[in-house]
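Fold and contact review
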Amino acid sequence: MIRLLLLLSLFFSLSASTPIRPIEVWIADDLDFLVEFYKERHQTPEISLREEKTAKVLASELRKVGFEVTENFGGYGIVGILKNGKGPTILYRTDMDALPMPEKTGLEYASKETVLLNGNEVGAMHSCGHDLHMTTWLGTARALAANKRQWKGTLLLIGQPAEEIGAGARMMLEAGLYEKFGVPDYGLGLHSSPTIKAGQIGVADGYTMANTEMIDIDVFGVGAHGASPHMSIDPVVISSMIIMELQTIVSRNVKPIDDAVVTVGAVQGGTVGNIIPDQVKLRLTVRTFKEEVRQLIHRRIKEVCNGTAMAAGLPKEKWPQVNIPEKFTPANYNHPELTKRVVKSAEESLGKQNVVYAEPQLVGEDFAMYGSTEDKVPTVLFWLGTVSQEKIDNNDLPGLHSPFYYPEPRESIETGVNVTSSILIDLFND
Ligand SMILES: [Zn+2]
Ligand SMILES: [Zn+2]
């Protein structure tokens, strides 16, 4: 009887034209377990590089359903493998870390955890939905393990640490992920969307998320008494000119059809009003899609800095120092051919109306690294809708990293597991 009701409710929750796949019935039966698992993860968040207990739980759950699991691979990273005959190897990644911030959702399963960060006790919260990613990932692992007759190949599941600090994917790749476990034929990932309705997914091909880098500029000068500016070469004034000049890089140097952001997020220098300091620090974030645009922006930042300092009368050795870190998070590129296949499977699983176009954003996601090695693995990262229609109607949509953000668990998990299982099965069987 329960099974019949589930079937009926599934039938009505999907559009009449969408045939129910057998695996969706299995997933509906697993939902209570998954929602409970989600709430446990939500209540026990661990921040970047401290995902020890979370990783242990995931590893143990994978082992229970027959995966061969390697732990502590690149920090607390885990790698789970399920071999099921001859076929492609597909990587599917979840992130595991939470953020150091107090939760303010008021949910009965809200996190009350705290962490010590730089000597201060602060709250910890899964405000980026990584708890939902882990649940969808485990749900998919369980569904594929229990329905092995429906696919052939090797499922390579990655539990990645430290996404929020843009370090975890690199840590796992540098630990030899592809050398040890083989280069996958495809890579798949998803991220919670705080604006797309639960029950839907959002996707686009090509560049969908940006090259993300933090650049620091040390601006030097000659300090003096605030009453004797003529005795100084004022780095506060030089910095202000640099900041204004940096605004022209995107508007005047980057081609209008290319996308980029140059944001000065912090200006640090001086102590009190009557001292002209001899140094100011500017902290920037630069976001781009194309490598040539990234290089152009680097060059222009240096030219603006040097030119402004020279005009202020500073000798060459006191021109600003532009610190560009070697390591950065590359832009996420959704492989067009693979995106087409993902969209087709998703439309068959959720109905055409529930697969929406998601416009590119200049946020960063280190999932991009899995497709950015010399192996050129085709990858797709899509958005999983998580919010209720009511919230969309009221325009009550706290963003990711907001202390008020939370997904609708049951519907988001069900959609996530259904769509990911369908995509994987279709890719395995093609
Ligand atoms: Zn985040
Ligand atoms: Zn995230």
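See the structure printed just above.
Residues numbered from 1 in each chain as written. Chains lettered and ligands numbered in written order. Predicted model: local features only at pLDDT ≥ 70, side-chain atom pairs only at ≥ 80, totals over all residues. Heavy atoms only, no water.

1. Some thoughts on the coordination of the zinc ion (ligand 1)
For the zinc ion (ligand 1), the full set of protein donor atoms is Cys-128 (SG), Glu-164 (OE), Glu-164 (OE) and His-401 (NE2), at a range of 2.0 to 2.5 Å. Of note is the zinc ion (ligand 1), whose four donor atoms meet at the metal with angles of 55 to 149° in an arrangement that counts as irregular. Sequence spacing among the residues donating to the zinc ion (ligand 1) works out to C-x35-E-x236-H. The distance between the zinc ion (ligand 1) and the zinc ion (ligand 2) is 3.2 Å, with Cys-128 acting as a donor to both metals. With Glu-164 in the loop between strand S6 (153–160) and helix H5 (168–174) and His-401 in the loop between helix H10 (389–393) and helix H11 (409–429), this pair connects stretches of sequence that are 237 residues apart. (Donors = N, O, S within 2.8 Å, 3.2 Å for Na, K, Ca; no water. Tetrahedral: all angles 85-135°; square planar, octahedral: opposite > 155°, others 65-115°. Helix = DSSP H or I, 4+ residues; strand = E, 2+ residues; numbered from the N terminus.)

2. Brief notes about H11
For H11, which comprises 21 residues, the first-to-last C-alpha distance of 30 Å matches the rise-based estimate of 30 Å (1.5 Å per residue) to within 8%. Burial of H11 is extensive: 17 of the 21 residues sit out of reach of the surface. (Expected span 1.5 Å × (residues − 1). Buried < 20%, exposed > 50% of the residue type's maximum accessible area, 1.4 Å probe, protein only.)

3. Comments concerning the pattern of salt bridges
In the structure shown here, the tally under the stated rule is 20 salt bridges. One salt bridge in this structure joins Glu-365 and Arg-93, with 3.0 Å as the shortest N-O distance. Linking Glu-365 in the loop between strand S17 (355–357) and strand S18 (379–387) with Arg-93 in strand S3 (residues 89–95), this pair joins segments that are 272 residues apart in sequence. On the basis of relative accessible area, Arg-93 is assigned to the buried category, the value being 2%. Across the pair Glu-291 and Arg-294 runs a salt bridge whose closest N-O atoms are separated by 2.9 Å. Highlighted residues: Glu-291 and Arg-294, both in helix H8 (residues 291–311), separated by three residues, approximately one helical turn. Glu-291 sits in the partly exposed class, given a relative accessible area of 38%. (Salt bridge = Lys/Arg side-chain N within 4 Å of Asp/Glu carboxyl O.)

By themselves, these figures tell us nothing about what the structure is for.
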